Each structure stands twice: as C-alpha cells, then as structure tokens.
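These are the residues of each chain, in order.
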Amino acid sequence: MTWVDHNIWHIWGRSVLGAAVLGMGVLLTAAVAAAGSVDKTPFGKTQDGKAVDLYTLTNDKGASVKFIAYGGIITAINVPDRWGNLGNIVLGFKELADYESKNPYFGALIGRYGNRIGSAKFSLDGTQYQLAANNGPNSLHGGKKGFDKVVWAVEPLTGGSGAAARLSYTSKDGEEGYPGALTVGVTYTLTDDNELRIDYEATTDKPTVVNLTSHSYFNLAGDGVGGIGDHILTINADRYTPVDATLIPTGQLASVSGTPFDFRQGMPIGARIRANDEQMIFGRGYDHNFVLNRSGSGLSFAARAYDPRSGRIMEISTTEPGIQFYSGNFLDSTLVGAAGQQYRQTDGFCLETQHFPDSPNKPSFPTTVLKPGETLKSTTIHKFSTDAS
Ligand code: BGC
C-alpha cells in the first residue's frame, strides 16, 4: 500500500495495467505489481476555516472509496457493474459547503448516538442527561453537531493488503450533552476483494452511551440513475422494532411475518413501500430498525441488496445487533448531487448497522452503555460483487 500526498507529488501512487505489443502482433498484458494506495487532495475549508482533505482508497482491482475528513463522509464508492464498468454507487454533493449546510447525513460517520433517543434525554447511574432535540421532540444522530459535522484526524495505514486509513476524534466530556470524554477511532479499509470494511473503536473516561454507524445512501444502479424501488433486498431478521409516530421504538420486538418488513426472502424495495400499514405511514416508507438473526458475537450476515439492471450486489455483515433500513423517504429535489442531478424520495437507501434506537431508555434492548476501562469494538463489512462474478 502506498501513501500519496497530492500536495507533494501530484501523481497517482497505484500501479496500472501495462500493455505491450511485442513482435508479430502478439499482445501481452502484464499486471505489474498491483498494490492499493491512499491518495490525498484538498477539498476546501469549512466555514470556520478548517482545511478539509479528500482521501481516495484504491485497491488492486481499481475500485475506490473516497471520503473527506469532515464528518468522515464517504463521498463516492466506485465499484464495477456486471460488464466491469466502474460507477459511483453512493449519493453525494460536489462541494464542502453543501455537506456543511444541507447534508441529510450522506455518507457520514454518525455519533455519539446513531438514530434516535426519545424526548432527547436519558438517565445513567441516576443522573439525567439532556440532549438537543433536533428531530421533533427527539435527538437524532448525535445532536446539533454530531460526528458527521466535525473534522476528523486521518492517518493512512500502510502494510496491509488493499488500502486503509484511520480516522480519529475525541469528543469532550459534555459535548452535545453526553457524559465522558469519548475517544473514537474508525478505520476504513478497501480490500482487494472489493470489500469496504469499517472498524469502530471507542473508549471513555466516564460511563456514557454510544452507538456508532455510517450513513451512506446507496443506489447500486449508480448515483443519479433513478430510484431504488427495483433493488432486491434481503434482511436477515425475523423481527423488527415497531415505532411510534415520532419514530421511537415502542419497545416491542415484532415478527416481520405477514408484514411489509419481511425481507427474509429477497423482495423489491418498492413492492410494499406504499402498503396501507401504520408503520409504513409513520416512516413515510421504510425507516425502521431490524433485529438481526445472529449467533455469537462475531461478524454475521445482515443484508444483501441486488440491482438487476447493473448486476451489482452489496452484502453486509456486521457485529452489531440491528440494522436501520431507511428508504430515503425524506430526500427532496432541493438536494442536488455532484453531477447536477436532483435527488428525490427513494433515490437512495441506507442500511445502518447499529444498536437499536432509544436503547438508553429501553432496558430490554442490548445495552449501549460504555464504561471506563472498556473498549467498544464494532465491525461492518460491505462486500461488493456482481451477478457476473
Ligand atoms: C433516519 C431517518 C432520517 C435520516 C436522515 C436516518 O438514519 O432513520 O429518519 O430522516 O437518517 O438522513
């Protein structure tokens, strides 16, 4: 793996396929030493003057993942379709200013608490903590200035296969209302097998609650190609967590059987999205946490999405107990993508691996409490392939 700083070298650090015509019209194609690379280039300055770089992880297949230090936002994932053409399969903006002013969490790292905390408060060890209510009465995705809106420190990681970088951020005691200084590390790895692996780690100096996730909006047909209704989705969950009208779980773990939430066999996302079902009305589509079927605490299969047009497949495995399936219900045409395309409802979907929403107020849900001396560790892998591979 090589580290290329565009400010210094202005070159690509990765090897390319070399082709040479030899003698009597014989074409030899030689794959010269193909290592992954990490590339860095300036992406602008935040409104308060912080420089933000854009990083590109490229693997030996030529697939790439781009992200910026602001919010750890993944701005592009370029993977092949069934004919081998690389295309970007996540929604994103052109400019840093757009990410700062109107990002519906496109590609962002989410913390301290991904998803909602009911009535924007929780109690821990007898003390009540008040958070910012930034989503109706609730707190969503870490509050007013969550991890999606801070500039992360980024270090390239060398030596392994593929390409990787580690992002780190320390959130001060009391930041956004949460107790404890929280030290967070997130590693993005693009393996040579076209897997995007996200490893999360966190430690605290006081008991606190944490729920970290990543918020890419996927469209496997390609960013800006249209809706995701035809994507065939499988979610490895017998149960989900029904919500109230403000999208806070009721506490029940309900069976998906006979509901629009049954994705145990692959189903087109659009097939039941307009079902006359109270839960679908509350969410204006899918905006629900699924209780993953799992055995043990290691990586386990969570979900698969397949786009029949491009042939692209994404398979997600995770160590987390839940996954939020959000069908991009709140996208509206005021959001304009990097190539000038207007985003509309269901032009992208999110599969956010996570602990369940509102766990700090739901003692029956798997705990999100982190104590001093413990290290939170969580991993999610997105494996990209096609129906031709
Ligand atoms: C939530 C949605 C919310 C969206 C914001 C998702 O994780 O579940 O309710 O609108 O994030 O982009």
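The structure under discussion appears in the preceding block.
**Concerning the overall build of the protein**
Each helix and strand in the protein was counted, giving two helices and 30 strands. For a compact globule of 389 residues, the expected C-alpha radius of gyration is about 21 Å, and the protein comes in at 21 Å, within 12% of that figure. Oriented by its inertia axes, the alpha-carbon framework of the protein measures out at about 80 × 45 × 45 Å. Every one of the 389 residues in the protein was classed for burial, and the buried ones make up 55%.

**Things to note about the site of the ligand**
Neighbouring the ligand are the residues P104, Y105, R116, H141, H215, Y217, D287, Q324, Y326, F330 and E352. Interatomic distance of 2.4 Å between a side-chain N/O atom of D287 and an oxygen atom of the ligand. The side chain of E352 places a nitrogen or oxygen atom 2.8 Å from an oxygen atom of the ligand. Protein coverage of the free-state accessible area of the ligand, which is 310 Å², stands at 94%.

**A short note on the sheet that holds strand β22 (residues 254-255)**
The five strands lie next to each other as β22-β21-β24-β27-β28, forming an open sheet whose pairing is antiparallel. The open sheet is flanked by β22 and β28 (350-354), the only strands paired with a single partner. Summarising the sheet, strand β21 (residues 239-241) and β22 pair through two bridges and their orientation is antiparallel. Considered in β22, the bridge of Y240 is made with A254.

**Focus on unusual backbone geometry**
Following G111, the chain continues into R112 via a peptide bond in cis, with omega recorded as 0°. Positive phi outside glycine occurs at Y105, with the angle close to 70°. Looking at the secondary structure, you find Y105 in the loop between α1 (96-102) and β9 (108-110). Here Y105 falls in the buried class, since its relative accessible area comes to 14%. Of note, H141 is a non-glycine position whose phi angle comes to about 50°, a positive value.

Cut-off values and rules
Residues numbered from 1 in each chain as written. Predicted model: local features only at pLDDT ≥ 70, side-chain atom pairs only at ≥ 80, totals over all residues. Heavy atoms only, no water. Helix = DSSP H or I, 4+ residues; strand = E, 2+ residues; numbered from the N terminus. Rg over C-alpha atoms; globule rule 2.2 N^0.38 Å. Buried < 20%, exposed > 50% of the residue type's maximum accessible area, 1.4 Å probe, protein only. Near = heavy atom within 4 Å. Polar contact = N/O pair within 3.5 Å; in protein donor to acceptor, adjacent residues only side chain to side chain. Areas by Shrake-Rupley, 256 points an atom, 1.4 Å probe, with all protein chains shown as cover. Pairing = 2+ DSSP bridges.

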